[in-house]
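Geometric and topological summary
Read off the chains here:
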Amino acid sequence: MDIRHYQNACHWLAYLGSRFVAMLVLLLSFLGSAFAADHAVILMYHRFGEDRLPSTNIRLDQFDAHLEKLSNGNYSVWPLAKIVDHLQKDMPLPDRTVAITIDDAYLSVFTEAWPRLKAKGFPFTVFVATDPIDRKHRGYMSWDQLRQLQADGVDIGSQTASHPHMHLSSLADVDVELQKSNQRFLTELGLRPNLFAYPYGEYNLAVIERVKAAGFIAGFGQNSGIAHGYDGYFELPRFAMNERYGAMDRLSLAIDGLPLKANQILPADVVIGKTRLILVLRWRQRLPQIANCAVSTTPMTS
Ligand SMILES: [Zn+2]
């Protein structure tokens, strides 16, 4: 029996519970199989070795340990786009497939992460908000540096122009953010990204529809969980890795996880107001084991 952790649902609930108190009814069915390989784990980083900002930073000794763990032979580190393509085409993934993503295009991606990832031969995706790059904000990469990454095979995804709280923006403003950033990517990098990461991991159903309409094929949050296509491709979870949540036991919890797939989640919109939280969980089959299901009330990243 596989003793890995079935954790997608409980981490997702912890994420919701950390932000909202509401009525929530979940109808879950256990559909996972230990070797189904129809899922993957997506890791999310922000800063590297910028120890004064621990909520978004991973220490270099932690990051080196992560990469060492990922290179020990048990894991397949794939480009995120390739994983999405396999999920969407129903093609099997290797067991323990992992993607590495990095948000916000901080300079330490260029100076610290890239050389380390390159040395390991690990692909990765950088989600970029275009305004800080255009405005040459201190501590961010330049377009030239992003082009260097791109030329080296690094994938670039979008995180809008100004990195707003999208679910609090008007839909007209959301459209402007998407169109403006898409145009800037086209001008500077010669392409429009087709993968999108919601700034702060925040979205609602209306935002998802605008992101789809802008031509993206998948959207990524910041809630912990295993990525699979059963809920569609615009609320794919990622495990945030930072100083506090970057210990090796948490990395193992993430990359050795298996999904609990819900066949229905109610309400559908993750922004669910401020009423009482009631959870109902149902499985069609007996779970082999739930080894880890931790609830946190502390948001993990900013
Ligand atoms: Zn961001």
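Attention here is on the structure that accompanies the text. A quick note: this is a predicted structure, and the numbers were derived from the prediction, not measured.

For the chain, the helix and strand inventory stands at nine helices and 15 strands. Out of the 302 residues belonging to the chain, those deemed buried represent 41%. Excluding contacts between residues fewer than 6 apart, the proportion of contacts in the chain whose partners are at least 24 apart in sequence is 74%.

On to the packing of helix α2 (residues 60–70) against helix α4 (residues 107–120), then. Geometry of a packed helix pair, given as the angle between the helix axes and the separation of the axes. With their axes 11 Å apart at the nearest point, α2 and α4 run at an angle of 20° to one another. As far as their axial angle goes, α4 and α2 are roughly parallel. Of the two elements, α2 crosses α4, and the hand of that crossing is right-handed. Where α2 approaches α4, its residues L60, F63, D64 and L67 are matched on the opposing element by E112, R116 and K120. For the contact of α2 with α4, the per-class residue count stands at three nonpolar, no polar and four charged.

Contact pair helix α7 (residues 171–189) / helix α8 (residues 205–213): the axes reach a minimum separation of 10 Å and the direction vectors enclose 35°. Here α7 runs over α8; the crossing is right-handed. Each of L171, V174, D175 and L178 in α7 lies in contact with α8, whose residues at this interface are A206, V207, R210 and V211. Of the residues belonging to the contact of α7 with α8, the class tally is six nonpolar, no polar and two charged.

Moving on to the environment of I83. Residue placement: I83 occurs in helix α3 (residues 80–88). Each C-alpha atom of the pair I83 and V41 lies 9.6 Å from the other, and the pair is 42 residues apart in sequence. Setting aside its immediate chain neighbours within four residues, I83 contacts A40, W78, L93, T97 and A99.

Across the seven residues of strand β7 (residues 97–103), seven count as buried, placing the element largely inside the fold. Side chains of β7 alternate between two faces, with T97, A99, T101 and D103 and V98, I100 and I102 buried alike. Here strand β3 (residues 39–45) pairs with β7 via five bridges, running parallel. Across the sheet, residue V41 finds its bridge partner in β7, namely V98. The pairing of strand β6 (residues 76–77) with β7 spans two bridges and is classified as parallel. Counted as the bridge partner of V77 is V98 from β7. With α3 bridging β6 and its parallel neighbour β7, the resulting β-α-β unit is right-handed. Where β7 and strand β8 (residues 125–128) come together, three bridges link them in parallel fashion.

Attention now goes to the pairing of β3. Buried residues dominate β3, accounting for seven of its seven residues. A two-sided burial pattern is seen for β3, the buried positions comprising H39, V41, L43 and Y45 on one face and A40, I42 and M44 on the other. Relative to strand β12 (residues 227–228), β3 runs antiparallel, the two being bridged by two bridges. Among the inter-strand pairings, A40 is bridged to a residue of β12, identified as A227.

Moving on, we come to α4. With 14 residues, α4 ought to run about 20 Å at 1.5 Å a step, and its terminal C-alpha atoms sit 20 Å apart, in line with that. Where α4 is concerned, the buried positions are S108, V109, A113, W114 and L117. Where α4 is buried, its residues contact β3, β4 (47–48), β7, β8 and α6 (143–151).

Another point: the environment of A40. Checked against the element boundaries, A40 lands in strand β3. The exposure class assigned to A40 is buried, which follows from the 26 C-beta atoms found within 10 Å. Sequence separation of A40 and T97 is 57 residues, and the distance between their C-alpha atoms is 5.0 Å. Those residues in contact with A40 that lie beyond four places of it in its chain are I83, L93, T97, V98, A99 and A227.

What counts, and at which threshold
Residues numbered from 1 in each chain as written. Predicted model: local features only at pLDDT ≥ 70, side-chain atom pairs only at ≥ 80, totals over all residues. Helix = DSSP H or I, 4+ residues; strand = E, 2+ residues; numbered from the N terminus. Buried ≥ 20, exposed ≤ 12 C-beta atoms within 10 Å, placed from the backbone. Contact = placed C-beta atoms within 7 Å. Axes fitted to C-alpha atoms, helices over the stretch in contact; angles between N-to-C directions. Parallel < 35°, antiparallel > 145°, perpendicular 65-115°, else oblique. Left-handed = near helix turned anticlockwise from the far one by under 90°. Nonpolar A, V, L, I, M, F, W, Y, C, P; charged D, E, K, R; others polar. Pairing = 2+ DSSP bridges. Right-handed = clockwise from strand over helix to strand, strands pointing away. Expected span 1.5 Å × (residues − 1).

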